[in-house]
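Overview (structure and organization)
Spelled out, the chains give:
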Amino acid sequence: MANVSMGAPPTRKAMEAEERPAARSNLSRERLRSAWLFLTPMLLVLALVAGWPLIETIYYSFTNASLSNIDGAEWVGLRNYWEYVDYGDGEGEYFGLFFDSQWWNAVWNTVYYTVISVSIETVLGLAFALVLNAEFKGRALVRAAVLIPWAIPTIVSAKMWAWMMNDQFGILNDMLMTVGIISSPVAWTADPDTAMWAVIMVDVWKTTPFMALLILAGLQMVPGDVYEAAKIDGIHPVKVFWKVTLPLIRPAILVAVIFRALDALRVFDLIYVLTPNNTDTKTMSVFAQENLFQFDKFAYGSAASTFLFLVIAFITLFYIKVARLDLGGKGR
Amino acid sequence: MEAIAKRVGFYALVVFIVLFSVFPFYYAILTSFESGTALFDVNYLPTEFSLANYRDVLTNGVFPLNILNSVIVAVTVVVISLFLAVTAAYALSRINFRGRGLLLLTILAVSMFPQIAVLAGLFEMIRSVGLYNSLFSLIFAYMIFTLPFTVWVLTTFMRDLPVEIEEAAIVDGASPFVIVTKVFLPLMWPALVTTGLLAFIAAWNEFLFALTFVSNNETRTVPVAIALLSGASEQEIPWGTIMAASVIVTVPLIVLVLVFQRKIVSGLTAGGVKG
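Calculation rules
- Residues numbered from 1 in each chain as written.
- Chains lettered and ligands numbered in written order.
- Predicted model: local features only at pLDDT ≥ 70, side-chain atom pairs only at ≥ 80, totals over all residues.
- Heavy atoms only, no water.
- UniProt positions renumbered as here; feature names shortened; annotations may be inferred.
- Helix = DSSP H or I, 4+ residues; strand = E, 2+ residues; numbered from the N terminus.
- Buried < 20%, exposed > 50% of the residue type's maximum accessible area, 1.4 Å probe, protein only.
- Contact = heavy atoms within 4.5 Å.
- Rg over C-alpha atoms; globule rule 2.2 N^0.38 Å.
- Areas by Shrake-Rupley, 256 points an atom, 1.4 Å probe, with all protein chains shown as cover.
- Lys, Arg positive; Asp, Glu negative; His and termini not counted.
- Charge placed at Lys NZ, Arg CZ, Asp CG, Glu CD.
- pLDDT = per-residue confidence, 0-100.
- Axes fitted to C-alpha atoms, helices over the stretch in contact; angles between N-to-C directions.
- Parallel < 35°, antiparallel > 145°, perpendicular 65-115°, else oblique.
- Left-handed = near helix turned anticlockwise from the far one by under 90°.
- Nonpolar A, V, L, I, M, F, W, Y, C, P; charged D, E, K, R; others polar.
- Patch = residues over 30% accessible without salt bridge, like charges linked within 9 Å, V, L, I, M, F, W, Y side chains within 5 Å.
- Salt bridge = Lys/Arg side-chain N within 4 Å of Asp/Glu carboxyl O.
- Polar contact = N/O pair within 3.5 Å; in protein donor to acceptor, adjacent residues only side chain to side chain.
- Pairing = 2+ DSSP bridges.
- Phe/Tyr/Trp six-rings, centres within 6.5 Å; stacked < 30°, edge-to-face > 60°.
- Domains from an automatic or database assignment.
- Buried area = accessible area lost by both parts, 1.4 Å probe.

By the naming in an unreviewed UniProt entry, chain B goes by Probable trehalosemaltose transporter permease protein and is assigned to Fulvimarina pelagi HTCC2506. Its UniProt record gives chain B a comment under Subcellular location (unreviewed entry), which states: "Cell membrane". One UniProt comment on chain B, placed under Sequence similarities (unreviewed entry), says "Belongs to the binding-protein-dependent transport system permease family."

The name given to chain A in an unreviewed UniProt entry is Probable trehalosemaltose transporter permease protein, with the source organism recorded as Fulvimarina pelagi HTCC2506. UniProt, in the comment section headed Sequence similarities (unreviewed entry), describes chain A in these words: "Belongs to the binding-protein-dependent transport system permease family." Taken verbatim from the UniProt record of chain A, the Subcellular location (unreviewed entry) comment is "Cell membrane".

1. A closer look at the overall build of chain A
Along the backbone of chain A there are twelve helices and two strands. The secondary structure elements of chain A, listed N-terminal to C-terminal, are α-α-β-β-α-α-α-α-α-α-α-α-α-α. Within the span of chain A, comprising 332 residues, buried residues form 50% of the whole. Restricting the contact set of chain A to residue pairs at least 6 apart, pairs at least 24 apart contribute 61%.

2. Some remarks on the overall build of chain B
Looking only at helices and strands, chain B has 13 helices and zero strands in total. Counted from the first residue to the last, chain B has its helices and strands arranged as α-α-α-α-α-α-α-α-α-α-α-α-α. For a compact globule of 275 residues, the expected C-alpha radius of gyration is about 19 Å, and chain B comes in at 23 Å, more than 25% above that figure. Taking the principal axes of the C-alpha coordinates as reference, chain B spans close to 75 × 70 × 30 Å. With 275 residues in all, chain B has 56% of them scored as buried. Intrachain contacts of chain B at a sequence separation of at least 6 include 73% that bridge at least 24 residues. Carbon and sulfur atoms make up 69% of the accessible area of chain B, which totals about 11500 Å². Taking the 13 positively charged and 15 negatively charged side chains of chain B as two groups, their mean positions are separated by 13 Å.

3. Quick look at the confidence of the model for chain A
Residues and elements named next belong to chain A. When the pLDDT values of chain A are averaged, the result is 85; 90% of them are 70 or greater. Segment residues 1-20: pLDDT under 50, and 33 contacts once partners within four positions in sequence are set aside and those in other chains are kept. The low-confidence segment residues 328-332, where pLDDT is below 50, has nine contacts with residues more than four positions distant or belonging to other chains.

4. Observations regarding the packing of helix α5 (residues 154-164) of chain A against helix α7 (residues 195-219) of chain A
Residues and elements named next belong to chain A. Two elements in contact, α5 and α7, have axes whose closest approach is 10 Å; the angle formed by their N-to-C orientations is 130°. In terms of their interaxial angle, α5 and α7 are classed as oblique. Considering the relative orientation of α5 and α7, their crossing is right-handed. Contacts from Thr 154, Ser 157, Met 160 and Trp 161 in α5 reach Met 201, Val 202, Trp 205 and Lys 206 in α7. Here the residues of the contact of α5 with α7 sort into five nonpolar, two polar and one charged.

5. Some words on a nonpolar patch on the surface
The grouping of Leu 78, Trp 82, Tyr 84, Tyr 94, Phe 98, Phe 99 and Trp 104 of chain A at the surface amounts to a nonpolar patch, some 730 Å² of accessible area in total. By secondary structure assignment, the location of Leu 78 of chain A is in the loop between α2 (21-60) and β1 (83-86).

6. So, the side chain of Thr 195 of chain B
All names here are of chain B. Mapping Thr 195 onto the fold places it in helix α9 (residues 189-205). Among the polar contacts made by the side chain of Thr 195, one reaches the main-chain carbonyl oxygen of Leu 192 at a distance of 3.3 Å. Apart from the residues lying within four places of it in its own chain, the contact partners of Thr 195 are Leu 82, Phe 149, Thr 150, Val 153 and Leu 154.

7. Focus on the UniProt feature "domain: ABC transmembrane type-1" (unreviewed entry) in chain A
As annotated by UniProt and renumbered to match this structure, "domain: ABC transmembrane type-1" (unreviewed entry) occupies residues 107-319 of chain A. Each end of residues 107-319 of chain A is marked by a C-alpha atom, and these two atoms are 21 Å apart; helix forms 76% of the span and strand 0%.

8. Some points on the pairing of β1 of chain A
All names here are of chain A. When β1 meets strand β2 (residues 92-95), the two strands line up antiparallel, connected through four bridges. Bridging across to β2, Tyr 84 finds its partner in Tyr 94. The loop that links β1 with its antiparallel partner β2 comprises five residues; one of these, Gly 88, has a positive phi angle of about 95°.

9. Concerning the packing of aromatic side chains
Residues and elements named next belong to chain A. One pass over the structure, following the stated rule, counts 48 aromatic pairs over all chains. Plain terms: the ring middles of Phe 293 and Phe 298 are 6.1 Å apart, the flat faces sit at 80° to each other, and that makes the pair edge-to-face. Exposure class is identical for Phe 293 and Phe 298. Each is buried.

10. Remarks on the domain arrangement of chain A
All names here are of chain A. We note that the domain assignment places domain 1 (12-60) and domain 2 (102-323) within chain A. Taking only C-alpha atoms, the centre of domain 1 and the centre of domain 2 are 38 Å apart. In this assembly, four residues from domain 1 lie in contact with six residues from domain 2. When domain 1 packs against domain 2, the two sides together hide about 410 Å² of surface, and 79% of this comes from carbon and sulfur. The interface formed by domain 1 and domain 2 contains zero salt bridges. Applying the counting criterion to the domain 1 and domain 2 interface returns zero residue pairs in polar contact (both at pLDDT 80 or more). The residue makeup of the side of domain 1 that touches domain 2, split by class, is three nonpolar, one polar and no charged.

11. What to know about the pattern of salt bridges
Any two side chains of opposite charge can pair, on the condition that their charged atoms come close. All names here are of chain A. Taken as a whole, this structure holds ten salt bridges over all chains when the rule is applied. Ionic pairing is found between Arg 260 and Asp 263, a salt bridge with its closest N-O pair at 3.4 Å. One end of the pair, Arg 260, and the other, Asp 263, are both in helix α9 (residues 237-265), three residues apart, so they sit about a helical turn from each other. Here Arg 266 makes a salt bridge to Asp 263, at a shortest N to O gap of 3.1 Å. What you see here is one network of salt bridges that share partners, running through Glu 121, Asp 203, Arg 260, Asp 263 and Arg 266.

12. Some thoughts on helix α6 (residues 171-179) of chain A
Listed as buried for α6 of chain A are Ile 171, Leu 172, Asn 173 and Leu 176 of chain A. Taken together, the buried residues of α6 of chain A touch α5 and α7 of chain A together with α1 (2-32) of chain B.

13. Brief notes about the interface of chain B and chain A
Contact with chain B, which involves 107 residues of that partner, is made by 103 residues of chain A. Here chain B and chain A share an interface that buries about 9500 Å² over both sides, 78% of which is from carbon and sulfur atoms. Its largest share of buried area at the contact with chain A, chain B owes to Met 112, Ile 116 and Trp 239 of chain B, together 7% of the area lost on that side. Inspection of the region where chain B meets chain A yields two salt bridges.

Next comes the structure, spelled out in structure tokens:
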């Protein structure tokens with residue numbers, strides 16, 4: 001929150017100071033009143049749709065609520081997270097989210113998926129952005145083509161790729177066998193060795209364009225004379241890229257990476273549709289949704305949701321600090 | 001010689017990018033026009049032009065109703081969130097008051113909310129007010145991602161407009177509401193189109209809430225309907241119909257995106273890298 005400024009832009013202050021004192025205070029009082037009038041409906045909706053449900057989710061994670069009996073939920077403290085059951089004969093066992101190997105498997109899957117897919121998307125997105133930043137014939141067409149994966153609904157892309165990766169009739173196996181990369185058909189979405197990579201492949205296809213566009217916006221802010229100067233000095237383009245371009249667009253890349261990572265951490269629909277009921281790809285969101293609505297463990301699912309919320313909240317705070325967002329409208 | 005090699009390499013990269021982006025959707029269209037056994041041969045080029053799959057998906061079952069539901073939900077969500085966002089963005093960008101920075105920070109934080117974190121609470125709320133299985137539940141729930149986004153983008157847009165445009169109206173004693181509707185709104189069409197379109201796409205594509213808050217086939221929206229399309233038997237997945245349905249719901253989006261591509265790119269980057 002380094003740059004949060006609450007002060008007014010100087011121009012407006014100057015403008016208001018020119019008016020007579022009485023009129024000014026009347027005017028600013030009226031403007032202040034209407035500001036809150038304008039903000040109230042929006043804030044009310046956000047409180048109803050985000051604030052209150054979040055509090056409720058956290059509350060349910062400390063109860064024994066089940067899907068069939070939400071209203072009869074009773075407070076059970078930390079039992080959904082951490083519980084030691086003493087069997088009486090000196091032995092006992094730990095239960096709860098923190099001791100659930102399936103949960104940690106989901107956490108691992110989520111982290112693995114996020115790190116790998118965001119890394120590939122960043123490198124590929126940077127390459128796409130560099131190409132799109134160059135002048136060539138048909139650039140507008142290429143730029144339009146790149147937007148297509150982004151415009152396709154996630155569910156549709158999951159289905160499209162499920163069909164292309166079909167083990168018997170899929171075109172992907174056919175292509176790879178024709179080229180000679182694989183010798184027999186692979187069941188991409190079902191095989192434990194490839195299921196996660198199938199998910200990553202679809203995600204990379206769908207979100208690389210978004211990455212490329214964000215990075216491209218950063219690239220276009222690099223002034224052209226920087227390249228001119230490097231060219232006159234006879235510096236090799238590769239060196240220019242590493243020493244000049246990359247440092248200049250690093251902020252844009254960083255923001256894009258954090259945005260994508262936050263998105264990837266909460267992934268649900270792609271995995272739910274492409275690889276249903278598969279422990280090799282189950283992520284935190286899928287785990288939570290299953291417990292909430294399929295296994296009748298509403299409270300336990302709420303605990304998982306709360307955990308995921310805390311992870312994302314932590315990263316968001318980190319992002320706001322790193323990006324030093326300009327919230328007051330100054331210094332731009 | 002080296003220059004030619006470089007050019008060839010560059011254009012090879014360009015061709016790769018285009019194929020990478022376009023091929024999967026091209027293949028979906030190709031499949032959607034195939035029926036019977038042709039479906040199960042791998043074809044790289046069109047071999048058949050049959051409309052059977054389209055007839056299937058549009059006449060059997062409730063898919064047309066699902067499309068209508070999606071249109072109703074997405075349009076309503078866009079209208080409500082733009083209305084709430086324009087006035088809020090005016091207050092956040094043009095009027096100084098204590099706590100403005102904190103408010104903007106809160107709005108940004110809400111836009112990062114994982115949907116799953118509010119799912120349990122929202123479900124309970126929607127069930128207890130009797131909105132379960134109705135489109136209103138989705139219209140309400142979708143505000144969680146469209147509203148912060150529209151407010152954020154419109155605020156950055158309004159903040160960059162010069163002070164002078166308001167001056168005359170203030171001197172004339174116009175009320176803030178008149179200033180918003182008469183002075184700002186006419187200038188804001190580009191920003192409204194962009195944010196509205198992005199909000200529309202987000203609402204059109206949403207899956208988790210739609211899966212959770214609606215369980216009637218007749219009330220479902222398109223993404224859930226496509227995810228749950230099944231054939232006569234458990235084993236038999238109707239790929240042809242799924243692809244036809246996919247093409248039907250995707251083509252309008254692609255047309256919109258291509259028509260407004262410049263605006264969309266600027267809207268995305270305003271939401272993303274500004275700051």
